[in-house]
Amino acid sequence: MAQLTDDCFAHGGRLMRTDEALELLKEKLECVTSTETLATGNCLGRVLREDIIAPGNIPPHDNSAVDGYAIYFDDLEPEGPTRLRIAGRQAAGQTPVEPPLRGEALRIFTGAVMPEGPDTVMMQEDCTLEDGDVIIPAGIKRGANRRDAGEDVRAGSRVLHSGQRLRAQDLGQAAAVGRSELQVSRPLRVALFSTGDELREPGQDLVTGAIHDSNRYTLNGLLKSLGCEVSDLGILRDNAETIISALDKATENHDLVITSGGVSVGEEDHVKHAVETLGKMHAWRLAIKPGRPIALGQIGAIPFVGLPGNPVAVVVTYLVFVRPMLLRLMGGNITSPQSFPVRADFSYRKKKERREWVRASLRPNGDGSWKAEKFPRDGAGILSSLVESQGLVELPEDLTQVEPGMLVDYLPFSEVIG
């Protein structure tokens, strides 16, 4: 298992732009998880740790794309129907039969090997049978309804890349080239805490000044959707010795420690002191909203992430920064999620040199296009805004004003959750 350098999160005190922060993560982080070999069917959501090369063509032979009749295109009458004798039958999975002669047709089924000679397949729905012959109407194109060997995958080509996170279709592709097992990263083991005397577990009664802990449940779901093994270690009270002891113990069998809340400079924010006591802390002041401060550090050799306490800031900083970090620690590639240009259906002012994410949902324009409708409230503590929105509108640093009708980048949650 690779170890991170002691200064992997070091950075100056100025506000850091989003692109710069992501480049630093790419540059300084490396995989900390070991590799294991699993049956292909058990690799969904895992990070692939090898390139997959096709040993042969897919499909391995020319074959029929439909149920119909294999024919020689040059036998067809250009202006009217053509009558051909049916010379044989070829089904999928069978040894190839003798090819038909010129002036003959071969009954063939979807996936069956194309015989030598015939170059075109006529769909059975377009044909007429009469006295053992097939009547082919005019109008078909040469080579219609046949699939060439290797038209999907060529032998020797790379079909899956090391570092990609495996989706259902990727498992199918691996199986298609004959791979019964794959080398993948084992799951990242994450220790998860919430911090604060004001927090209570769901189901507990609330005294004055107390709230139910939601961040831990949100983060637990986000981490598990990425394939992490999560140890939910509960709520840490605002006591320096308790926090130091809990964080120290969490490093014994985890690859990463994440907390929410308690990383500012207040008298009751003990997490920063605890991390500095056990290792090193680097507070990245990011030019973003919501969630400007994010604490990155190490407890011994184990990386630490301290997220803000407000629930919306927790989710945004996780999606934009922590998720790429997790993928990197699992040996994955950091790639930008796919956003889509849509028309804004709102007005909004923001500061220059700061990237912002506005909660929004897509609504139809009535002309086949879509518009982004902003959630009416902006507070970083409004968790319901994430429940009732479908995604985020990303506003770049150089933009200061959004007007209705302006093109904006819309990032659906489906692109970054899971």
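Reference entry: report on the structure contained in this document. The residue count restarts for each chain, going from 1 along the sequence in the order it is written. Owing to the predicted nature of the model, reporting of local features is limited to residues with pLDDT of at least 70; listing and counting of side-chain atom pairs is limited to 80 or more, with chain, interface and lining totals taken over all residues. Excluded from the side-chain calculation are hydrogens and water; included are all heavy atoms of the structure.

For the rest of this paragraph, the subject is the overall build of the chain. Each helix and strand in the chain was counted, giving seven helices and 28 strands. Over its C-alpha atoms the chain spans a radius of gyration of 30 Å, topping by over 25% the 22 Å that the globule rule assigns to 418 residues. In the chain, which comprises 418 residues, the share counted as buried stands at 48%. Across the chain, contacts joining residues at least 24 apart in sequence account for 72% of those joining residues at least 6 apart. In short, Shrake-Rupley with a 1.4 Å probe defines the accessible areas, and a residue's cover is counted only from the protein chains shown. Accessible surface for the chain amounts to roughly 19,800 Å². Of this, 48% is attributable to carbon and sulfur atoms. The distance from the centre of the 46 positive side-chain charges to the centre of the 59 negative ones in the chain is 5 Å. Here a helix means four or more residues in a row that DSSP labels H or I, a strand means two or more in a row labelled E, and each is numbered from the N terminus. The globule rule is 2.2 Å times the number of residues to the power 0.38, and the radius of gyration it is compared with is taken over C-alpha atoms. Throughout this description, buried means an accessible area under 20% of the type-specific maximum (1.4 Å probe, protein chains only), exposed means over 50%, and partly exposed covers the range between. Any pair of residues with heavy atoms lying within 4.5 Å of one another is described as a contacting pair. Think of it this way: Lys and Arg go in the positive column, Asp and Glu in the negative one, and His and the chain ends go nowhere. Lys charges are placed at NZ, Arg charges at CZ, Asp charges at CG and Glu charges at CD.

The next thing to look at is the packing of helix α4 (residues 240-250) against helix α5 (residues 271-278). Following both chains from N to C, one finds α4 and α5 inclined at 50°, their axes separated by 9 Å at the closest point. It follows from the interaxial angle that α4 and α5 lie oblique. Two packed elements cross with a definite hand, and for α4 against α5 that hand is right-handed. The residues of α5 that touch α4, namely those facing Ala240, Ile243, Ile244, Leu247 and Asp248, are Val271, His273, Ala274, Val275, Thr277 and Leu278. Tallied by class, residues from the contact of α4 with α5 come to eight nonpolar, two polar and one charged. As a rule, the C-alpha atoms of each element are fitted with a line to give its axis, helices using only the stretch in contact, and angles between N-to-C directions run from 0 to 180 degrees. Orientation is classified from the angle alone, with under 35 degrees giving roughly parallel, over 145 giving roughly antiparallel, 65 to 115 giving roughly perpendicular, and any other angle giving oblique. It is the rotation of the near helix from the far one that decides the hand of a crossing: anticlockwise by less than a right angle makes it left-handed, clockwise makes it right-handed. Throughout this entry, Asp, Glu, Lys and Arg are counted as charged residues, while Ala, Val, Leu, Ile, Met, Phe, Trp, Tyr, Cys and Pro are counted as nonpolar. The remaining residues, Gly among them, count as polar.

Our next topic: the pattern of salt bridges. Just to be clear on terms, a salt bridge is a Lys or Arg side-chain nitrogen sitting within 4 Å of an Asp or Glu carboxyl oxygen. Under the counting rule described, the total for this entry stands at 28 salt bridges. Note that Arg17 and Glu353 form a salt bridge whose closest N and O atoms lie 2.8 Å from each other. Here Arg17, found in the segment before α1 (18-28), pairs with Glu353, found in the loop between β23 (348-349) and β24 (355-364); they are 336 residues apart in sequence, far enough to count as distant. Since its relative accessible area comes to 37%, Arg17 is described here as partly exposed.

Before going further, it helps to spend a moment on the pairing of strand β13 (residues 189-195). Most of β13 is tucked away, with six of its seven residues classed as buried. Where β13 meets strand β16 (residues 229-236), six bridges bridge the pair, whose relative direction is parallel. Within the sheet, the bridge partner assigned to Val190 lies in β16 and is Val230. Looking at chain direction, β13 and strand β17 (residues 256-260) are connected through five bridges and run parallel. If you follow Phe193 over to β17, its bridge partner there is Thr259. Pairing between two strands requires that DSSP report at least two bridges joining them.

Turning our attention to the side chain of Asp75. By the secondary structure assignment, Asp75 is in the loop between β4 (68-71) and β5 (82-90). Polar contact is defined as a pair of N or O atoms within 3.5 Å, subject to the rule that within protein one atom must be able to donate a hydrogen and the other to accept it, and that residues adjacent in sequence are counted only when both atoms are side-chain atoms. Within polar-contact distance, the side chain of Asp75 engages the side chain of Arg102 at 2.9 Å. Setting aside anything within four residues of it in sequence, one finds Asp75 in contact with Thr82, Leu84, Arg102, Gly103 and Glu104.

Direction vectors running N to C along helix α3 (residues 215-225) and helix α6 (residues 311-329) enclose 30°, while the axes themselves pass 11 Å from each other. Between α3 and α6, the interaxial angle falls into the category roughly parallel. Regarding α3 and α6, the two cross each other, and that crossing is right-handed. For the pair α3 and α6, contact is made by Asn215, Thr218, Leu219, Leu222 and Leu223 and by Pro311, Val314, Val315, Tyr318, Leu319 and Leu326, respectively. Of the residues assigned to the contact of α3 with α6, the class counts are nine nonpolar, two polar and no charged.

Given 3.6 residues per helical turn, the α-helix brings residues three or four places apart onto the same face. Those residues of α4 not exposed but buried are Ile243, Ala246, Leu247 and Ala250. Projected onto a plane normal to the axis of α4, the buried residues spread over an arc of 95° and lie on a single side. Across α4 from its buried face, at more than 90 degrees, point the exposed residues Glu241 and Lys249. Buried residues along α4 sit against β13, β16, β17, α5 and β20 (293-299). For α4, the N-terminal cap is Asn239; the gap from its side-chain oxygen to the backbone nitrogen of Glu241 is 3.2 Å. It is the directions from the helix axis to the C-beta atoms that the arc portrays.

Classification of ring pairs rests on two measures: the distance between centres of Phe, Tyr or Trp rings, Trp counted by its six-membered ring, which must be within 6.5 Å, and the angle between planes, read as stacked under 30 degrees, edge-to-face over 60 and tilted in between. Scanning all chains against the criterion turns up zero aromatic pairs. In this analysis the charged atom, NZ for Lys or CZ for Arg, is taken to sit over a ring once it is within 6 Å of the ring centre and within 35 degrees of the ring normal. Above the ring of Tyr69, the side-chain terminus of Arg107 is found at 5.1 Å from the ring centroid.

Here we have six strands laid out as an open sheet, ordered β7-β4-β6-β5-β9-β8, and mixed in their pairing. Both edges of this open sheet fall to β7 (120-123) and β8 (128-130), since each of them pairs with a single strand only. Each strand axis lies, on average, 40° off the axis of its neighbour in the sheet, ignoring direction. Pairing of β4 with strand β6 (residues 104-108), which is carried by three bridges, proceeds in the antiparallel orientation. Among the inter-strand pairings, Ala70 is bridged to a residue of β6, identified as Leu106.

Right, let's talk about α6 for a bit. Of all bends in α6, the biggest is about 50°, found at Tyr318. In terms of burial, α6 is largely enclosed, as 18 of its 19 residues are buried. Immediately beyond the C-terminal end of α6, within one or two residues, lies Gly331, with a positive phi of roughly 85°. Here the bend at a residue is taken as the angle between two axes, fitted respectively to the seven residues that end there and the seven that start there.

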